[in-house]
Amino acid sequence: MAWFKREAGELDTSGEKKVRTEGLWVKCEGCRQIIWKKDLEDNLQVCPKCNKHFRIDARTRLAQLLDDDQYDTFADNLSSTDPLQFSDLKSYSSRLETAQAETGLTDAVINARGKLNGQPVIVSSMEYAFIGGSMGAVVGEVITRAIEEAQKTRTPLIIVSASGGARMMEGVVSLMQLAKISAALARLDEARVPYISVLTDPTTGGVTASFAMLGDLNVAEPGALIGFAGPRVIEQTIRTKLPAGFQRSEFLLEHGMLDAVVSRKDLKSYIGRALEFMAA
Amino acid sequence: MRASHHSAFGVQVTSGSRVVNVGLVVTGTDFLLSMVESRWAARNGDARKMDLQLKARQELEKIEQQLSRLQAAPGQNDDLRTQIKQLNDRIDSLRIEVSANHDAWQRTELARHPQRPYALDYIERIFTDFSEIHGDRGFGDDPAIVTGMARFQGQEVMIIGHQKARDTKQKVYRNFGMPNPEGYRKALRVMKIAEKFRRPLFTFVDTPGAYPGLGAEERGQAEAIARNLREMARLQVPIITTITGEGGSGGALAIAIADRVLMMENSIYSVISPEGCASIMWRDATKKELAAQALHITAKDLSELGCVDSIVPEPEGGAHTDHAAAADLLAESLKTNLAQLLKMPVPDLVDARYNKFRKMAQFFRVEV
């Protein structure tokens, strides 16, 4: 008779996994360490171990920058009319619907009026989760209205970029948004109203090649991908691997393309300080 | 006594009253038509289809001439007359097919045609006393953009244009018309010279795009383009931009914020190349023809979207067939537009430019 013979049926394992860990822990892409989610949240979505800045959504950004998470939004009811009736493997209109359902936004940006360290500001905060934060007719118009509002009320403007660039599905319509926004910024510049551009991960393409690079100050979060062409396109063009850290904030700072690289926890005070300097 | 005419396929007819060897003419014409049709069918094969189409069109013209002579000839039997009529009908329908609107991909190939006139070709034919200005005073001189002073019908003007090239050595020198940041900074520098001395500015756009290279990123390609957009929007002189070939996204726009934006009939203007769009959206670069269509990149498309002011006609077959004629047509358009702009006081001009771009491409609805 076998000593270890199982006597009856399958083992009962139902009691073993009562503690759910999923959703409580996050693996950092930067240092591969496991972080307690609450630690990450308390640290403004920055890894406490390696200082990797996680991407955050547009509302979280506004909450971090504006006093007491108090602000009102404007120009928040515009949505794209799909000017080209664009359809690839999937129709653009269905992509729009999905993005709207997932983010609760009509397009990839939120305009907000609020206070930053007691100073009134206008913030346009881009939403990367909405079709890669891409800029079509709506993003172009909403940002232009933020610029016009800033000029009209002589309120400092902050644009927080998080975008892959122009929205391909709106073709040349999206390209013309670069022109429109840049022209509006020329007027804001002449009116001597402060404009601070905050570049976050990622900021590329037509967004970098227009408003993101036109601030009185251009500041970026650490480790953000910032560039004109995407890294893959460049690799295909020059047919070599790109060096580590290429097109990251620190690389741009080294090449004189940014005024500062500022950690998320210091961002609000940095902007506040700059606005004090620029205040009339 | 009369010249006898030989078509490309050796069909012989005479230009007078006598028809030689009627049977041969008909069978010959049939053969001719089948050739044209097979060539027309070959257009869906990718290679050299524009040239084939052009040849098909030229051949059609020849056949038509010959047939009309046949028809004019007396003493024909009814059979022959019917046959001639049928052939004529067939030719008509073929002709309509051949000259029907080029699709977006065909326009793209025309816009990129290696014999298409480039900025310096137009400068040579439209302007006099061109003196080139080099360098950005910071890093270097970018041969992918040419800039300089010139005279347009006696008037002092400034010119900026992308420059492509035809042979390999020159292509490399011009970087295939893809500027680096110093090209855009040189352009901005000469814009400021034009502004200081109150000279109108002409820009000519023909680029696949701003160069996506390592050095370009290091030296701030995005910043260079962004700054040009802002500064052109408020430049205190008249600006006329012509998209002559490829209007490649931000690299094109960086010299195209103008009071008048003209597009040559067979040029294209797009946020991304059809190939790039196809490989991203369809994950298949061979879907470029579909992508070209979907992106709305032709002059007609841009005009309908309100993103350009007018379309400049090209000689039959495209600008590459006759540089001088293309330049004449463009000069005519530049002249008209410049005359209109010079009538406006500069502050009104700059306001109108602002308002144009402010109202452009507004495709949104208000949700309730």
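Student: Quick question: what am I supposed to make of the overall build of chain A here?
Tutor: Tallying secondary structure elements over chain A gives nine helices and ten strands in all. Its C-alpha atoms give chain A principal-axis dimensions of about 95 × 45 × 45 Å. Across the 280 residues of chain A, 54% fall into the buried class. For chain A, the proportion of contacts with a sequence separation of at least 24, taken over those separated by at least 6, is 68%. Carbon and sulfur atoms make up 49% of the accessible area of chain A, which totals about 13,400 Å². Side chains of chain A give 33 positive and 36 negative charges; the mean places of these two sets differ by 3 Å.

Student: Got a minute to help me understand the interface of chain B and chain A in this structure?
Tutor: When the parts of a complex come together, some accessible area is lost, and that lost area is often taken as the interface size. At the junction of the two partners, chain B supplies 49 residues and chain A supplies 59 residues. Counting each side, the surface lost to burial between chain B and chain A is near 4,800 Å², with a carbon and sulfur contribution of 71%. It is Glu217(B), Met281(B) and Tyr354(B) that lose the most area in chain B upon contact with chain A, and together they represent 14% of the buried surface on that side. Counting across the interface, chain B meets chain A through five salt bridges. Between Arg358(B) and Glu148(A) there is a salt bridge, and its shortest N-O distance comes to 2.5 Å. The set of elements that each furnish at least two residues to the side of chain B that touches chain A consists of α8 (214-218), α9 (221-233), α10 (249-253), β9 (268-270), α11 (274-282), α12 (288-295), α15 (346-359) and β11 (364-366) of chain B. For the side of chain B that touches chain A, the class distribution of residues is 30 nonpolar, eight polar and eleven charged. Alignment of strand β4 (residues 78-80) of chain A against β11(B), held across three bridges, turns out to be antiparallel.

Student: Explanation requested: the pattern of salt bridges in the structure shown.
Tutor: A side chain of one charge can pair with a side chain of the opposite charge when the charged atoms of the two come close. Under the criterion given, the structure shown has 39 salt bridges over all chains. For Asp351(B), the salt bridge goes to Arg187(A), with nearest N and O atoms at 3.0 Å. Taken as a pair, Asp351(B) in helix α15 and Arg187(A) in helix α5 (residues 171-190) lie in two separate chains rather than in one. Classification of Arg187(A) as partly exposed rests on a relative accessible area of 27%. For Lys287(B), the salt bridge identified is with Asp284(B), shortest N-O distance 3.1 Å. A relative accessible area of 24% places Asp284(B) in the partly exposed class. Put simply, Asp189(A), Glu190(A), Lys192(B), Arg230(B), Glu231(B) and Arg234(B) are held in one network by salt bridges that share partners.

Student: Which parts of the structure should I look at to understand the environment of Leu302(B)?
Tutor: Positionally, Leu302(B) belongs in helix α13 (residues 299-304). When the C-alpha atoms of Leu302(B) and Ser270(B) are compared, they prove to be 9.1 Å apart, with 32 residues separating the residues in sequence. When near neighbours in sequence (up to four residues on either side) are disregarded, Leu302(B) contacts Val172(A), Met263(B), Tyr269(B), His296(B), Ile297(B), Cys307(B) and Val308(B).

How each quantity is defined
Residues numbered from 1 in each chain as written. Chains lettered and ligands numbered in written order. Predicted model: local features only at pLDDT ≥ 70, side-chain atom pairs only at ≥ 80, totals over all residues. Heavy atoms only, no water. Helix = DSSP H or I, 4+ residues; strand = E, 2+ residues; numbered from the N terminus. Buried < 20%, exposed > 50% of the residue type's maximum accessible area, 1.4 Å probe, protein only. Contact = heavy atoms within 4.5 Å. Areas by Shrake-Rupley, 256 points an atom, 1.4 Å probe, with all protein chains shown as cover. Lys, Arg positive; Asp, Glu negative; His and termini not counted. Charge placed at Lys NZ, Arg CZ, Asp CG, Glu CD. Buried area = accessible area lost by both parts, 1.4 Å probe. Salt bridge = Lys/Arg side-chain N within 4 Å of Asp/Glu carboxyl O. Nonpolar A, V, L, I, M, F, W, Y, C, P; charged D, E, K, R; others polar. Pairing = 2+ DSSP bridges.

Shape is all these values report; function is a separate question.
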